[in-house]
Amino acid sequence: MGRGKPLTDFEKGQIAAKNDQGLSNRQIARDLGRSLDAINRFIKDPLNHGTKKSPGRPSLLTVRDKRQILRKASNAVITCSKIKCDLNLSVSNETVRRVIIKSKFIKYRKMKKAPMLTSVHRQKRLEFARKNIRTDWRQIVFSDEKKFNCDGPDGYNSYWHDLRKEKLRFSRRNFKGGGCMVWAAISSAGRVKLCFVSKRMDGSEYRYVLRRSLLPFWRRNRHKNYQFMQDGAPCHRARKTIKWLEDRRIPVLTWPACSPDFNIIENVWGYMARKVYEGNKSYDNVGQLKKAIVKAWHAVDQNLLDNLFLSLDNRLYELTLNSGGHINY
């Protein structure tokens, strides 16, 4: 049987007045159209009446059941339905979901992409961190390539849906509507000229990019003793490319494999992608996409670059703590 409505302030005043007049609790209940139990509880403790909150319906799950649910869900790729079946619980999937949502330590989030790290990769990354613990990162020029698609990187999986309006749909064309590849580099002094390259860039094209973009920057800043950073892509490791850099006295920082979390230009790519695809925007052709990329590149602020360079010491420290494993960057 459900609870009745709580007593109003007016009814409480009437009860107190009638009680002072000497009327019985049963007579007061009959006059006000209230239950005898409600009148008895108010007269017994008028000051604290109505302050106690109702605990609600008792939980179908015991404390042990809730602990087992949280233990199952902890850092696991598993559905609420599977948790319920594994623990043989006679509750709904939504009940299991509510237990997880109420936890202070478990939050639902998308899994970040990261390269596969073997024991050799971890050892090389750890050696790199120990070797460069005193490196002045403001003397390093970071470079990388990035592919942009006309239809966006991965689409927008979530949005705020107004039930009064039609649902939004992410339409994708074959091959994501086409796209382009971009090479760029950043330094503590600013951005290096951005270049559009082919999607299968070879060593000769890469050297042409370095000659067009990197070499003028290097000559202007010859006195600053910069080092050049590039990953282990085949076109970067080509013998002619290495000789080209040596002939022009451009020192190259040895970089461990599978380490995009060190390369701060990856964060710049993320910033640019948010600018290029802001508002679920797509492009009709590659020409429009290139204009948006150039605009986003010019929007990269020097404060952003300065903060990224300052983060490198923390990245190495976290890498050392994780014994060469993945870091939160």
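In this text the structure is predicted, and so the values were computed from the model without any measurement. (Residues numbered from 1 in each chain as written. Predicted model: local features only at pLDDT ≥ 70, side-chain atom pairs only at ≥ 80, totals over all residues. Heavy atoms only, no water.)

1. Looking at helix H13 (residues 302-310)
Every buried residue belonging to H13 is among Leu305, Leu308 and Phe309, and all of these are buried. What you see down the axis of H13 is that its buried residues fit within an arc of 100°, all on one side. Turned more than 90 degrees from where H13 packs its buried face, Asn307 and Leu310 sit exposed. (Buried < 20%, exposed > 50% of the residue type's maximum accessible area, 1.4 Å probe, protein only. Helix = DSSP H or I, 4+ residues; strand = E, 2+ residues; numbered from the N terminus. Arc of directions from axis to C-beta.)

2. Let's talk about the UniProt feature "domain: Transposase Tc1-like" (unreviewed entry) in the protein
Listed under "domain: Transposase Tc1-like" (unreviewed entry) in the UniProt record, and renumbered for this structure, are residues 66-132. Secondary structure within residues 66-132 divides into 57% helix and 0% strand; the distance between the first and last C-alpha atoms comes to 47 Å. (UniProt positions renumbered as here; feature names shortened; annotations may be inferred.)

3. Remarks on unusual backbone geometry
Despite not being glycine, Asn75 shows a phi value in the positive range, around 50°. With relative accessibility at 86%, the residue Asn75 sits in the exposed group. Backbone geometry at Cys258 places phi at a positive 55°, although glycine is not the residue there. Position of Cys258 relative to the elements: it lies in the loop between strand E6 (252-253) and helix H11 (265-276). On the basis of relative accessibility, which here comes to 28%, the residue Cys258 falls in the partly exposed class.

4. Description of the nonpolar core
Core analysis: the biggest nonpolar cluster contains 39 residues, and Trp137, Phe142, Phe148 and Met272 have the highest contact counts within it. For this core, the secondary-structure elements that each account for two or more residues are helix H7 (119-131), strand E1 (140-149), strand E2 (179-187), H11, helix H12 (286-298), H13 and helix H14 (312-321). Broken down by element, this core gets its largest block of residues, 7 residues, from H11. Apart from the residues lying within four places of it in its own chain, the contact partners of Phe142 are Trp137, Ala184, Ala185, Ile186, Met229, Trp255, Phe262, Asn263, Ile264, Ile265, Phe309 and Leu312. (Core = buried A, V, L, I, M, F, W, Y, C linked by side-chain atoms within 4.5 Å. Contact = heavy atoms within 4.5 Å.)

5. Focus on a positive patch on the surface
The grouping of Arg211, Arg219, Arg222, Arg248 and Arg249 at the surface amounts to a positive patch. Along the polypeptide, Arg219 turns up in helix H8 (residues 203-220). (Patch = residues over 30% accessible without salt bridge, like charges linked within 9 Å, V, L, I, M, F, W, Y side chains within 5 Å. Areas by Shrake-Rupley, 256 points an atom, 1.4 Å probe, with all protein chains shown as cover. Salt bridge = Lys/Arg side-chain N within 4 Å of Asp/Glu carboxyl O. Lys, Arg positive; Asp, Glu negative; His and termini not counted. Charge placed at Lys NZ, Arg CZ, Asp CG, Glu CD.)

6. Quick look at the packing of H11 against H12
In the contact formed by H11 and H12, the axes pass within 9 Å of each other and the chain directions differ by 125°. With respect to H12, the element H11 is oriented oblique. Helix-helix and strand crossings are classified by hand; for H11 and H12 the assignment is right-handed. Contacts between H11 and H12 involve Val268, Tyr271, Met272, Lys275 and Val276 on the former and, on the latter, Leu289, Ala292, Ile293, Ala296 and Trp297. Of the residues that constitute the contact of H11 with H12, the class distribution is 9 nonpolar, no polar and 1 charged. (Axes fitted to C-alpha atoms, helices over the stretch in contact; angles between N-to-C directions. Parallel < 35°, antiparallel > 145°, perpendicular 65-115°, else oblique. Left-handed = near helix turned anticlockwise from the far one by under 90°. Nonpolar A, V, L, I, M, F, W, Y, C, P; charged D, E, K, R; others polar.)

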